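These are the residues of each chain, in order.
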Amino acid sequence: MYIIAGLGNPDRKYAGTRHNIGFDVITYLSDKYNISLSKTGFKSKLGQGFIDGEKVLLMKPQTYMNLSGEAVGEAVNFYKIDEKTELIIIQDDIDLEPGNIRIRVKGSAGGHNGIKSIISHIGGNEFIRIKLGVGGKPEGGDLADHVLSGFDRDTEPLIRKVIELAGGAILTVMKEGAETAMNKYNGIKAEI
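Residues numbered from 1 in each chain as written. Predicted model: local features only at pLDDT ≥ 70, side-chain atom pairs only at ≥ 80, totals over all residues. Heavy atoms only, no water.

(A) Representation of the overall build of the protein chain. Scanning the protein chain from terminus to terminus reveals seven helices and seven strands. Listed N to C, the secondary structure of the protein chain is β-α-β-β-β-α-α-β-β-α-β-α-α-α in terms of helices and strands. Taken over the C-alpha atoms alone, the protein chain extends approximately 45 × 30 × 30 Å along its principal axes. Within the protein chain, the fraction of its 192 residues that count as buried is 48%. On the protein chain, roughly 9,100 Å² of surface is accessible, and the fraction owed to carbon and sulfur atoms is 45%. (Helix = DSSP H or I, 4+ residues; strand = E, 2+ residues; numbered from the N terminus. Buried < 20%, exposed > 50% of the residue type's maximum accessible area, 1.4 Å probe, protein only. Areas by Shrake-Rupley, 256 points an atom, 1.4 Å probe, with all protein chains shown as cover.)

(B) Seen up close, the packing of aromatic side chains. In total, this model carries three aromatic pairs according to the counting rule given. Between Phe42 and Tyr79 the ring centres are 5.8 Å apart and the planes differ by 65 degrees, which places this aromatic pair in the edge-to-face class. With Phe42 in the loop between strand S2 (39-41) and strand S3 (44-51) and Tyr79 in helix H2 (residues 68-79), this residue pair connects regions lying 37 residues apart in the sequence. Given a relative accessible area of 27%, Tyr79 falls into the partly exposed group. Ring plane angle 85 degrees and centroid distance 4.9 Å describe the contact between Phe78 and Tyr79, whose orientation is recorded as edge-to-face. Site record: aromatic cluster; members linked through ring pairs are Phe42, Phe78 and Tyr79. Directly above the ring of Phe127 sits Arg129, whose terminal nitrogen or CZ lies 4.3 Å from the centroid. (Phe/Tyr/Trp six-rings, centres within 6.5 Å; stacked < 30°, edge-to-face > 60°. Lys NZ or Arg CZ within 6 Å of the ring centre and 35° of its normal.)

(C) Spatial organisation of the nonpolar core. One finds Ile4, Ile88, Ile130, Leu132 and Ile170 to be the most contacted residues of the largest nonpolar core, which totals 34 residues. Contributions of two or more residues to this core are made by strand S1 (2-6), helix H1 (21-32), strand S4 (54-61), strand S5 (87-93), strand S6 (101-104), strand S7 (128-133), helix H6 (156-176) and helix H7 (178-185). If one sorts the elements of this core by residue count, H6 sits on top with ten residues. In contact with Ile88, not counting residues within four places along its chain, are Tyr2, Ile3, Ile4, Ala5, Ile128, Ile130, Ile170, Val173 and Met174. Of all hydrophobic cores here, the second largest spans 20 residues; its members include Leu7, Phe42, Met65 and Ile81. (Core = buried A, V, L, I, M, F, W, Y, C linked by side-chain atoms within 4.5 Å. Contact = heavy atoms within 4.5 Å.)

(D) Here's a closer look at the sheet that holds S1. An order of S2-S3-S4-S1-S5-S7-S6 is seen for the seven strands of this open sheet, with the pairing classed as mixed. Here the strands that pair on one side only, and so sit at the sheet edges, are S2 and S6. This sheet shows a mean twist of 25 degrees between the axes of neighbouring strands, independent of strand direction. In this fold H1 packs onto S1, S3, S4, S5 and S7, with an angle of close to 140 degrees to the strand it touches most, S4. H6 rests against S1, S3, S4, S5, S6 and S7 of the sheet, and its axis sits at about 165 degrees to S7. (Pairing = 2+ DSSP bridges. Axes fitted to C-alpha atoms, helices over the stretch in contact; angles between N-to-C directions.)

(E) Here's a closer look at the UniProt feature "site: Discriminates between blocked and unblocked aminoacyl-tRNA" (unreviewed entry) in the protein chain. Here the UniProt-annotated "site: Discriminates between blocked and unblocked aminoacyl-tRNA" (unreviewed entry) positions come out as Asn9. Secondary-structure assignment places Asn9 in the loop between S1 and H1. Sequence-distant contacts of Asn9, defined by excluding residues within four places in its chain, comprise Tyr14, His19, Asn20, Phe23, Tyr64, Met65 and Leu148. (UniProt positions renumbered as here; feature names shortened; annotations may be inferred.)

(F) Local environment of the pairing of S7. Extensive coverage of S7 is indicated by the burial of six of its six residues. Side chains of S7 alternate between two faces, with Ile128, Ile130 and Leu132 and Arg129, Lys131 and Gly133 buried alike. Bridging between S5 and S7 involves six bridges; their strand directions are parallel. Its bridge partner lying in S7, Ile88 is registered against Ile128. Of the strand pairs in this sheet, S6 and S7 are connected by four bridges, and their pairing is antiparallel. Bridge pairing links Ile101 to Leu132 in S7.

If you want it as structure tokens, here you go:
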């Protein structure tokens, strides 16, 4: 079984923001594979089902970004999955331009508080991350304001495409492994 957790903030005012792109991927997977997100548990909105024959638990932690590890850690411990191969986290990344995707299987939090919380709660930094570019903050701008703002109208079609790309990357991770997914998706950019 795979746990697929998209990171974000639960309040309606955060919908469509850069920081919530992980939630957007979970919504996309829910719609595409007909997995209802109607359950709650592990401090999250949950959906259980199958993606191309693989059993999955889709998660939208409701803890707010900085405490994402509380939710993810509870689910990992309950299902006793191998977090190195069966936990997939979808996150925003300010070091990547919008439309870019990067897959990693270990590493530091890189300043991302949601990832820092997950590392703390599962006790290690080896888990699959699907990083989606949201662009860096403007010169002299505030980082919090940047990640909690939405995309401009011209960028939105690109973001929809990268969300689809993320869905393909997740499927590749599950069917062919993270290494194959990295070779296939790292360095490519969504196109409109």
